[in-house]
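Structure at a glance
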Amino acid sequence: MIKKGNKVKILNGKDKKKEGEVIEVDRPNNRAKVKGINMVKKHVKTTKEKKGGIIPKENFIHISNLALISEKTKVKKVGAKK
């Protein structure tokens, strides 16, 4: 089971074979955010409090595309349970 703070390895997609730490998990949709992985650009409008612009941020990635890395450096594939 993937939890916040776990180290994971990316199995598919543009960031394949990269590793990172889980920063957020969306259980109902079986998705997780990994630090520095699946970066997208968000266009933010200028307000009185904040300056606008194009801000890069992490996006969710499906849990089936992640492999949990244990302390013994064994890779374990974790899929979504129904």
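Just above sits the structure.
My aim in this report is to walk through the structure given alongside it, one point at a time. (Residues numbered from 1 in each chain as written. Predicted model: local features only at pLDDT ≥ 70, side-chain atom pairs only at ≥ 80, totals over all residues. Heavy atoms only, no water.)

1. Re the environment of Ser70
This is how it is decided: A run of H or I in DSSP becomes a helix once it reaches four residues, and a run of E becomes a strand once it reaches two; helices and strands are each numbered from the N terminus. Residue burial is assigned from relative accessible area. The probe radius is 1.4 Å, only protein chains are included, and a residue is buried under 20% of its type maximum, exposed over 50%, and partly exposed in between.
Counting through the fold element by element, Ser70 comes out in the loop between strand S7 (66–69) and strand S8 (75–77). Using a relative accessible area of 33% as the deciding quantity, one classes Ser70 as partly exposed.

2. Observations regarding the pattern of salt bridges
How we decide: Should a side-chain nitrogen of Lys or Arg be within 4 Å of a carboxyl oxygen of Asp or Glu, the pair is scored as a salt bridge.
Tallied over the entire structure, the rule returns two salt bridges. One salt bridge in this structure joins Lys18 and Asp15, with 3.3 Å as the shortest N-O distance. Taking relative accessible area as the criterion, Lys18 reaches 41% and is therefore assigned partly exposed. Here Glu24 ties to Lys33 by a salt bridge, and the two come within 3.6 Å at their closest N and O atoms. Overall, Lys33 belongs to the buried group, its relative accessible area being 16%.

3. Thoughts on unusual backbone geometry
One non-glycine residue, Asn30, adopts positive backbone phi at about 55 degrees. According to the relative accessible area criterion, Asn30 is partly exposed, its value standing at 22%. Backbone geometry at Asn38 places phi at a positive 55 degrees, although glycine is not the residue there. Relative to the helices and strands, Asn38 resides in the loop between strand S3 (31–34) and strand S4 (39–44).

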